[in-house]
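Structural features, examined
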Amino acid sequence: QAEDVNKVRQRKTLQYEEQKEAESHEEIGMSRRGYLPVSSEESQGTILCGLIAMLIPAVVLCASSCWRAHHQTQMPTPSFLLVLGEKRTMHLIIIPVLASITTMTMTWLNYKWYQHSLDTPLPETYYVSQAINFRRVEPWSAWLARWSIWFLVVFGVVEFKGEILPWELMWLPLMW
């Protein structure tokens, strides 16, 4: 019976400790499942500004190419800007570079958020893998934005390669 009493005490002590740990996690904004809450308004605003900044060059270039298509008059345009407006440059260089910059900024914001909100400084490393997927749990809004950006990059590259390759080689961009 003494062993049973000790087991019950240990179980109650363990339950009490788990309850206290859950309460402390809720105080700092962490749920029991390990997911972090939605980030502060400041970091979400920064992410939103970064996404908007990433879309502005694409919208401007798209609008300028639409304007050129509807107006037959030729404007003197430097060859550098003509190359920037080409579809291959947009899909293979500009959009992936802007996605890398945006998601690296999101990674940096996540490091600062961990340090500021949770008092858990992480060693900061900026590898390509962390631009694609942050190594810790991040807010759902940042996770969704990060994966949406990279999905659109991959889709754009595959779509462009699918347009220029002959039908017999269409499987190549789908397999990489």
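Quick summary incoming for the structure in this document. (Residues numbered from 1 in each chain as written. Predicted model: local features only at pLDDT ≥ 70, side-chain atom pairs only at ≥ 80, totals over all residues. Heavy atoms only, no water.)

1. Regarding the side chain of Glu 138
Where we set the bar: Strands here are runs of E lasting at least two residues and helices are runs of H or I lasting at least four, both read from the DSSP assignment and numbered beginning at the N terminus. Each residue's exposure class comes from its accessible area (1.4 Å probe, protein chains only) as a fraction of the maximum for that residue type: buried when under 20%, exposed when over 50%, partly exposed otherwise. Residues adjacent in sequence count toward polar contacts only when both atoms are side-chain atoms; beyond that, a polar contact is any pair of N or O atoms within 3.5 Å, and within protein one must be able to donate a hydrogen and the other to accept it.
Mapped onto the secondary structure, Glu 138 falls in the loop between α5 (128–132) and α6 (140–164). Given the relative accessible area of 7%, Glu 138 is considered buried. In terms of polar contacts, Glu 138 uses its side chain to reach the side chain of Arg 146, at 3.1 Å.

2. A look at the pattern of salt bridges
We apply this condition: In what follows, salt bridge is the name for a side-chain nitrogen of Lys or Arg lying within 4 Å of a carboxyl oxygen of Asp or Glu.
Counting across every chain of the model gives two salt bridges. The shortest N-O distance in the salt bridge between Glu 138 and Arg 146 comes to 3.1 Å. Judged on exposure class, the residue Glu 138 and its partner Arg 146 are both buried.

3. Examining helix α4 (residues 87–117)
Inclusion rule: Expected helix span is taken as 1.5 Å per residue step, with the number of steps being one fewer than the number of residues. The angle separating two fitted axes, one through the seven residues that finish at a residue and one through the seven that start at it, defines the bend at that residue.
Over its 31 residues, α4 runs 42 Å from end to end, which matches the ideal 45 Å to within 8%, given 1.5 Å per residue. The sharpest bend along α4 measures roughly 30° and falls at Ile 94, with the proline Pro 96 sitting one to four residues further on. Directly after α4, the chain includes Asp 119, whose backbone phi takes a positive value near 50°.

4. Quick look at a nonpolar patch on the surface
Put simply, the test is: In this scheme, patches are assembled from residues that exceed 30% relative accessible area and form no salt bridge. Like charges are connected within 9 Å, while nonpolar side chains (Val, Leu, Ile, Met, Phe, Trp, Tyr) are connected within 5 Å. Computed with a 1.4 Å probe, the accessible areas rest on the Shrake-Rupley method; for each residue, only the protein chains presented here act as cover.
Together, Val 128, Ile 132, Trp 140, Trp 143, Leu 144 and Trp 147 line one region of the surface with nonpolar side chains, adding up to about 610 Å² of accessible area. Every element with two or more residues in the nonpolar patch is listed here: α5 and α6. Here the nonpolar patch takes four residues from α6, the largest share from any one element. Checked against the element boundaries, Trp 143 lands in helix α6.

5. Description of the side chain of His 91
Here is the rule: Contacts are assigned to residue pairs with any non-hydrogen atoms lying within 4.5 Å of each other.
Along the chain, the position of His 91 falls in helix α4. A polar side-chain atom of His 91 sits 3.1 Å from the main-chain carbonyl oxygen of Gly 156. Apart from residues no more than four positions distant in its own chain, His 91 is found in contact with Pro 96, Gly 156, Val 157, Glu 159 and Phe 160.

6. Here we look at the packing of aromatic side chains
The condition that has to hold: Two rings belonging to Phe, Tyr or Trp (six-membered ring only in the last case) form a pair when the distance between their centres is within 6.5 Å. Interplanar angles under 30 degrees mark stacking, angles over 60 mark edge-to-face geometry, and anything in between is tilted.
Going through the model one piece at a time under the given rule, you end up with three aromatic pairs. Ring geometry for Trp 143 versus Trp 147: centroids 6.3 Å apart, planes at 40°, classification tilted. Of this pair, Trp 143 and Trp 147 are both found in helix α6, four residues apart, which corresponds to roughly one turn of the helix. Among the residues examined, Trp 147 registers a relative accessible area of 38% and is labelled partly exposed.

7. Quick word on the packing of α4 against α6
So the rule is basically this: Here an angle of 0 to 180 degrees is reported between the N-to-C directions of two axes, which are lines fitted to C-alpha atoms, with helices fitted over the stretch in contact. In what follows, roughly perpendicular refers to angles from 65 to 115 degrees, roughly parallel to angles under 35, roughly antiparallel to angles over 145, and oblique to any angle outside these ranges. Should the near helix be turned counterclockwise from the far one by less than a right angle, the crossing is left-handed, whereas a clockwise turn marks it as right-handed. Think of it as three bins: nonpolar holds Ala, Val, Leu, Ile, Met, Phe, Trp, Tyr, Cys and Pro, charged holds Asp, Glu, Lys and Arg, and polar takes everything else, Gly as well.
Two numbers describe how α4 lies on α6: the axes approach to 10 Å, and their chain directions differ by 165°. Accordingly, the angle class assigned to the pair α4 and α6 is roughly antiparallel. Regarding α4 and α6, the two cross each other, and that crossing is left-handed. Class assignment of the residues belonging to the contact of α4 with α6 gives a composition of 12 nonpolar, seven polar and five charged.

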